[in-house]
Amino acid sequence: QQPVQSPQAVILREGEDAVINCSSSKALYSVHWYRQKHGEAPVFLMILLKGGEQKGHDKISASFNEKKQQSSLYLTASQLSYSGTYFCGTERDTGNQFYFGTGTSLTVIP
Amino acid sequence: DTGVSQNPRHKITKRGQNVTFRCDPISEHNRLYWYRQTLGQGPEFLTYFQNEAQLEKSRLLSDRFSAERPKGSFSTLEIQRTEQGDSAMYLCASSWTSEAYEQYFGPGTRLTVT
């Protein structure tokens, strides 16, 4: 039931781009994206609802392919502050349980 | 609004003891979630309240775990007869009920069972 994320880890230089993928085997109602820094609680980035919409703000955007039950998070022109572990969170079409993905560790170096 | 708060922040207990954690959500948020997170893993869903009603409970949650949210305000999570495997960070989150809600997380309670 836990969504699978890829890659597991990525190292970027400042200014480079990254894509993080999230895949579920179940029909989804929504996909959330959160970033968690070491020792801190997860912080909300954005939410996408069933309907295949794409969202974004500043240099971070995301898409949701409802047919494939996949979501991707796009980080462009990465900054040092982007470092952390990224989790997708999914809510299924049926039920209220919320599942976080396996996580992607992202490190941005100067 | 000061955000989601959790108490205590740290708890060390001996195996077999009972522990209780408290979560105070953002006022007027009617959804409240409990998660458990171990090192290197994503948060694992435990249970979910809408107002005072507990609507979902993870099948992975043993009967040693119980949660309440009296009057739809703060919530408590109790673990009875703690085991070493219960050692983890316990996170609480709250949100509005709307079509596109975001969850606001508290700082968590770190439980260590010795």
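For the structure itself, look to the data block above.
Residues numbered from 1 in each chain as written. Chains lettered and ligands numbered in written order. Predicted model: local features only at pLDDT ≥ 70, side-chain atom pairs only at ≥ 80, totals over all residues. Heavy atoms only, no water.

Participant: Before we move on, can you summarise the layout of surface pockets with the specific residues and values?
Facilitator: The computed volume of the largest pocket comes to approximately 610 Å³. Forming the walls of the largest pocket are 28 residues, and the residues nearest its centre are Gln 36 and His 38 of chain A together with Gln 37, Leu 39 and Gly 40 of chain B. Grouping the constituent residues of the lining of the largest pocket by class yields seven nonpolar, 17 polar and four charged. Approximately 330 Å³ is the volume attributed to the second largest pocket. (1 Å grid on protein atoms, 1.4 Å probe; cavity = no way out; pocket = protein on both sides within 12 Å on 5 of 7 lines; lining within 4 Å. Points joined across faces, edges and corners; volume = space filled by probe spheres on them. Nonpolar A, V, L, I, M, F, W, Y, C, P; charged D, E, K, R; others polar.)

Participant: How would you summarise the side chain of Thr 13 of chain B if you had to cite specific residues and measurements?
Facilitator: Residues and elements named next belong to chain B. As for its position among the elements, Thr 13 is in strand S2 (residues 10-13). Of the residues examined, Thr 13 reaches a relative accessible area of 7% and is grouped as buried. Sequence-distant contacts of Thr 13, that is, excluding residues within four places in its chain, are made with Val 19, Thr 82, Leu 111, Thr 112, Val 113 and Thr 114. (Helix = DSSP H or I, 4+ residues; strand = E, 2+ residues; numbered from the N terminus. Buried < 20%, exposed > 50% of the residue type's maximum accessible area, 1.4 Å probe, protein only. Contact = heavy atoms within 4.5 Å.)

Participant: Let's hear about unusual backbone geometry: which residues, and what values?
Facilitator: Across the junction of Ser 6 of chain A and Pro 7 of chain A, the peptide omega takes the value -5°, indicating a cis bond. Within the secondary structure, Pro 7 of chain A sits in the loop between strand S1 (4-6) and strand S2 (9-13). The omega angle of the peptide bond from Asn 7 of chain B to Pro 8 of chain B is -10°, so this bond is cis rather than trans. Relative to the helices and strands, Pro 8 of chain B is located in the loop between strand S1 (5-7) and S2. One non-glycine residue, Glu 28 of chain B, lies in positive phi territory at about 80°. Checked against the element boundaries, Glu 28 of chain B lands in the loop between strand S3 (19-24) and strand S4 (31-37). Phi is positive for Lys 71 of chain B, which is not a glycine, with a value near 60°. Turning to its location among the elements, Lys 71 of chain B is positioned in the loop between strand S7 (65-68) and strand S8 (75-79).

Participant: Quick rundown of the sheet that holds S8 of chain B? Include the residues and the values.
Facilitator: Residue and element names in this part refer to chain B. Sheet architecture is open: four strands sit in the order S1-S3-S8-S7, paired in antiparallel fashion. Of all strands in the sheet, those with a lone pairing partner are S1 and S7, marking the two edges. Going across the sheet, the axis of each strand differs from the next one's by a mean of 15°, ignoring polarity. Two strands pair when backbone bridges link them, and S7 and S8 are joined in this way by four bridges, in the antiparallel orientation. The partner of Ala 67 across the bridge, within S8, is Leu 77. (Pairing = 2+ DSSP bridges. Axes fitted to C-alpha atoms, helices over the stretch in contact; angles between N-to-C directions.)

Participant: Can you lay out the state of the cysteines for me, pointing to particular residues and giving the numbers?
Facilitator: Across all of its chains, the model carries two disulfides over all chains by this definition. Each sulfur of the disulfide joining Cys 22 of chain A and Cys 88 of chain A lies 2.1 Å from the other. The disulfide joining Cys 22 of chain A to Cys 88 of chain A has a torsion of about 70° about its S-S bond and is therefore right-handed. One end of the pair, Cys 22 of chain A, is in strand S3 (residues 18-23); the other, Cys 88 of chain A, is in strand S9 (residues 84-92), and 66 residues separate them in sequence. Taken as a pair, Cys 22 of chain A and Cys 88 of chain A share a single burial class, namely buried. The side chain of Cys 23 of chain B participates in a disulfide bridge whose partner is Cys 92 of chain B; the two sulfur atoms lie 1.9 Å from each other. Where Cys 23 of chain B bonds to Cys 92 of chain B through sulfur, the torsion about that S-S bond is close to -65°, and the disulfide is left-handed. Taken together, the positions of Cys 23 of chain B in strand S3 and Cys 92 of chain B in strand S9 (residues 88-95) put the pair 69 residues apart, joining distant regions of the chain. The exposure classification of Cys 23 of chain B matches that of Cys 92 of chain B, with both residues buried. (Disulfide = S-S within 2.5 Å.)

None of this, on its own, says anything about what the molecule does.
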